[in-house]
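# What the coordinates show
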Amino acid sequence: AAPRGPAATVRLRGVVRGRAFAAPKEAVEEGVRRLRRDLACSLERRVALLLEDLAEEEEEEGGGVDPRDPLPTAVPGAWALPRRAHFAVGGGLSLCDYVAEGDDAADFAERVREIVGPSLAAGLDGLGD
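The text that follows walks through the structure, step by step, so that each part is easy to find. Every value quoted in this text rests on a predicted model; they were computed, and no experiment measured them. (Residues numbered from 1 in each chain as written. Predicted model: local features only at pLDDT ≥ 70, side-chain atom pairs only at ≥ 80, totals over all residues. Heavy atoms only, no water.)

## A few points about helix α1 (residues 28-60)
Between the first and last C-alpha of α1 there are 48 Å, a value that for 33 residues agrees with the 48 Å anticipated at 1.5 Å per step. Every buried residue of α1 is accounted for by Gly 31, Asp 38, Ser 42, Arg 46, Leu 49, Leu 50, Leu 54 and Ala 55. On its buried face, α1 sits against β1 (83-90) and β2 (93-99). At the exit of α1 stands Gly 62, carrying a positive phi of roughly 95°. (Helix = DSSP H or I, 4+ residues; strand = E, 2+ residues; numbered from the N terminus. Expected span 1.5 Å × (residues − 1). Buried < 20%, exposed > 50% of the residue type's maximum accessible area, 1.4 Å probe, protein only. Contact = heavy atoms within 4.5 Å.)

## Some points on the packing of aromatic side chains
Overall, the coordinates contain 1 aromatic pair when judged by the stated rule. Centre to centre, the rings of Phe 87 and Phe 108 are 5.9 Å apart; their planes meet at 70°, and the pair counts as edge-to-face. With a gap of 21 residues between them, Phe 87 in strand β1 and Phe 108 in helix α2 (residues 105-116) connect regions that are remote in the sequence. The same class applies to Phe 87 and to Phe 108, which are both buried. (Phe/Tyr/Trp six-rings, centres within 6.5 Å; stacked < 30°, edge-to-face > 60°.)

## With respect to α2
With 12 residues, α2 should reach 16 Å at 1.5 Å per residue; the first-to-last C-alpha distance of 16 Å fits that figure. Taken as a whole, α2 has its buried residues at Phe 108, Ala 109, Val 112 and Val 116. Taken around the axis of α2, the buried residues stretch over an arc of 95°, which confines them to a single face. Of the exposed residues in α2, those oriented more than 90 degrees away from the buried face are Ala 106 and Glu 114. Its side-chain oxygen 3.2 Å from the backbone nitrogen of Ala 106, Asp 104 forms the N-cap of α2. A positive phi of about 90° marks Gly 117, the residue just after α2. (Arc of directions from axis to C-beta. Polar contact = N/O pair within 3.5 Å; in protein donor to acceptor, adjacent residues only side chain to side chain.)

Written as structure tokens, this is what we have:
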């Protein structure tokens, strides 16, 4: 069989922020490489989370989901990718999780407490990119 083309086209628009840390004597190129890797990994995870949410919504609406085509491609649409939110855990260290469009600060704080425990979540400073 001849190879098929893509079933859908996804276009991403917006601003993506990334973070990368480098040692003081490290080459700038290494810092840039890490930043690019951070951005690529973040986008990959955000798209995966969005597809999971869309598949769950489709299942809740009673439609079957084809795991090979989780997007409702018959209808064009626009969806917001989850945002990456950082939270301080002390000592200059921050961790992150992803916040979906319908989540609020309370949802995020509860999830962080489940992940890291109440002692590390004490420094939770809200949502940020």
